[in-house]
Amino acid sequence: MIRSWMKTGAARFMNQTGVGALISSWAGAKGVPFVANYHRVVENFEESAKNSIPSMLVSRSMLEQHLDWIGRRFRFVSLDELGERIGNKDGRGDPVAAVTFDDGYRDFYDHALPLLKQKGVPAAVFVVTDLVGTMRLQLHDKLYLLLSHRFRPNSGAPTPFQATRALLENLTRADLENLTRALEADVSISEDVLQPFHSLTWEMLGEIHRAGMTVGSHGQSHALMTNESRQQVMREAAVSRSELEARLGTVVQHFAYPGGCFDDAAVEAVAAAGYRFAYTTCGHQHASLPRLTIPRSVFWQNSSSDSHGRFSGAVLNCQINHAFSLLSGCRQRHGTGREHEHGRV
Ligand SMILES: [Zn+2]
Ligand SMILES: [Zn+2]
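Looking now at the overall build of the protein chain. Helix and strand counts for the protein chain stand at 15 helices and twelve strands. Residues counted as buried form 52% of the 345 residues belonging to the protein chain. Partitioning the intrachain contacts of the protein chain with sequence separation of at least 6 by distance along the chain shows that 69% fall at a separation of at least 24. Carbon and sulfur atoms make up 51% of the accessible area of the protein chain, which amounts to about 15500 Å² in all.

What follows is the structure, given as C-alpha cells:
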C-alpha cells in the first residue's frame, strides 16, 4: 500500500515537474526505443492471481487500456521495423513503440491475439521451445505453485514469490529441476490449477506468425543464462533458434533473455547463434553490442495503477520512461569487471 502511494506520488511529481519527460528525452537521445513487455494475459486478474505470480499477469481489459493510451502517443511498429531504426541510428522522427509478450503462454493466443488483431498492433511473442505444444509448466510457475501450496505464510518468513525469485536467481537449471521434483513428491496440485499455465502449440504459433506477429526465442528451457555454463548458454540460444526456424519456415532474428538476465557470455552466445536483436528488462546496455541488449519496460496489472487500483496514465508514463527502474535499481551485476556500460537509461 505504501509502495503504491509512493509510486503514484512519484508519478505525479515526475509528470508535473517534467522529470519524466527529461528522462524520456535522455533515453531517446541515447537511441533507446520504447519496448513494452508483458507475460500472461488473463480474463480476470484477481482470480488468476490466486495461483500465479501477480506481476506476471495483466487482464485483457487492462492491456486494452495500455494499448489505447500508448497508441495515442506512439506509432506501434514491429520489432523488425524497430530494429531497422536502431540499425540506422534513427532515433528521431515519430515516436514508436513495440509490444512484446514473454514465455509463450497459451493465453496469448486466447486473449492477446484477438485484441492485437482488432487494433492492428504488431506484436512479438518470445517462446521457450522445449515447452511449445507440451503440458509442462515453466519452472518459475511450478516452483511458485509448489511453494505456495507447501508453506503457510507466516510473518517474517519470505513470501512464496520472494523464495521463488531467490531460488531462480541462485540455482542452476539442473538444481532447480531436482528441487522441484523433491517438492512434487510432497505436494499434489490438481490439473485444473495447472491448465492455465500451459504453453502455445506449434499450430497456434504458425497462426500467430501468419497473422503478422513476430515469433522470437526465449531460450530452449528458460534457464537464466547468467547461471549456466558457457556451453549450455550457447545451446539455449542456438537450438531454440534452429527449432523455431525449422518449424515456422522463417528467419528468427529476435531473442529475449530469460528473466532479462545477461552477461558477456550470454550476449556472445546470442550473437554467435545469429540473432540480430536481443531484449532485456533493465536499463543497462552492452557497450559494444547495444542492439543485443535493448531495454524493455515490464508491465503487469498494477504497474499502471494508482493507489485506488485504477488505471493511471501518469504511472504508465513513468514506467515507459524507465523512471521507476531508475529509482529502484537493477538486481543484476551483468558480470563484474566485464565490458558494460553501467549508465542508466
Ligand atoms: Zn520469461
Ligand atoms: Zn541491469
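The subject of this paragraph is the environment of Gln-253. The topology assignment puts Gln-253 in the loop between helix 12 (230–248) and strand 8 (254–256). In sequence terms Gln-253 and Leu-79 are 174 residues apart; their C-alpha atoms lie 9.2 Å from each other. Filtering out sequence-adjacent residues up to four positions away, Gln-253 remains in contact with Asp-80, Tyr-275, Arg-276 and Phe-277.

With that settled, the discussion passes to the coordination of the zinc ion (ligand 1). Every protein donor of the zinc ion (ligand 1) is accounted for by Asp-103 (OD), His-218 (NE2) and His-222 (NE2), and the metal-donor separations fall at 2.1 Å. All donors to the zinc ion (ligand 1) come from one chain, and their sequence spacing reads D-x114-H-x3-H. Of this pair, Asp-103 sits in strand 5 (residues 96–103) while His-218 sits in the loop between strand 7 (214–217) and helix 12; the two residues are 115 residues apart in sequence, bridging distant segments of the chain. As far as burial versus exposure is concerned, Asp-103 and His-218 are alike and both buried.

So, about the packing of aromatic side chains. The tally for this structure, following the rule as stated, stands at ten aromatic pairs. Feature note: the residues Phe-34, Tyr-38, Phe-74, Phe-101, Phe-108 and Phe-299 constitute an aromatic cluster, connected by ring pairs. Across the ring face of Phe-197, the terminal group of Arg-40 is positioned such that the distance to the ring centre comes to 4.8 Å. Its end group placed over the ring of Tyr-275, Arg-241 keeps NZ or CZ at 5.5 Å from the ring centre.

Look at helix 11 (residues 202–210) against helix 12: their axes get within 10 Å of each other, and the N-to-C directions meet at 75°. If you check the angle between helix 11 and helix 12, you find them roughly perpendicular. Counting all contacts with helix 11, which are made through Trp-202, Leu-205, Gly-206 and His-209, the residues of helix 12 involved are Glu-243, Leu-244, Arg-247 and Leu-248. Among the residues making up the contact of helix 11 with helix 12, the classes are represented as four nonpolar, two polar and two charged.

The α-helix winds at 3.6 residues per turn, so residues separated by three or four positions along the chain end up facing the same way. The end-to-end C-alpha distance of helix 9 (residues 173–184), which contains twelve residues, comes to 16 Å, matching closely the 16 Å that a straight helix rising 1.5 Å per residue would cover. Along helix 9, the positions that sit buried rather than exposed are Arg-173, Leu-176, Thr-180 and Leu-183. For helix 9, the buried positions fall inside an angular range of 85° around the axis, keeping them on one side.

About the criteria used
- Residues numbered from 1 in each chain as written.
- Chains lettered and ligands numbered in written order.
- Predicted model: local features only at pLDDT ≥ 70, side-chain atom pairs only at ≥ 80, totals over all residues.
- Heavy atoms only, no water.
- Helix = DSSP H or I, 4+ residues; strand = E, 2+ residues; numbered from the N terminus.
- Buried < 20%, exposed > 50% of the residue type's maximum accessible area, 1.4 Å probe, protein only.
- Contact = heavy atoms within 4.5 Å.
- Areas by Shrake-Rupley, 256 points an atom, 1.4 Å probe, with all protein chains shown as cover.
- Donors = N, O, S within 2.8 Å, 3.2 Å for Na, K, Ca; no water.
- Phe/Tyr/Trp six-rings, centres within 6.5 Å; stacked < 30°, edge-to-face > 60°.
- Lys NZ or Arg CZ within 6 Å of the ring centre and 35° of its normal.
- Axes fitted to C-alpha atoms, helices over the stretch in contact; angles between N-to-C directions.
- Parallel < 35°, antiparallel > 145°, perpendicular 65-115°, else oblique.
- Nonpolar A, V, L, I, M, F, W, Y, C, P; charged D, E, K, R; others polar.
- Expected span 1.5 Å × (residues − 1).
- Arc of directions from axis to C-beta.

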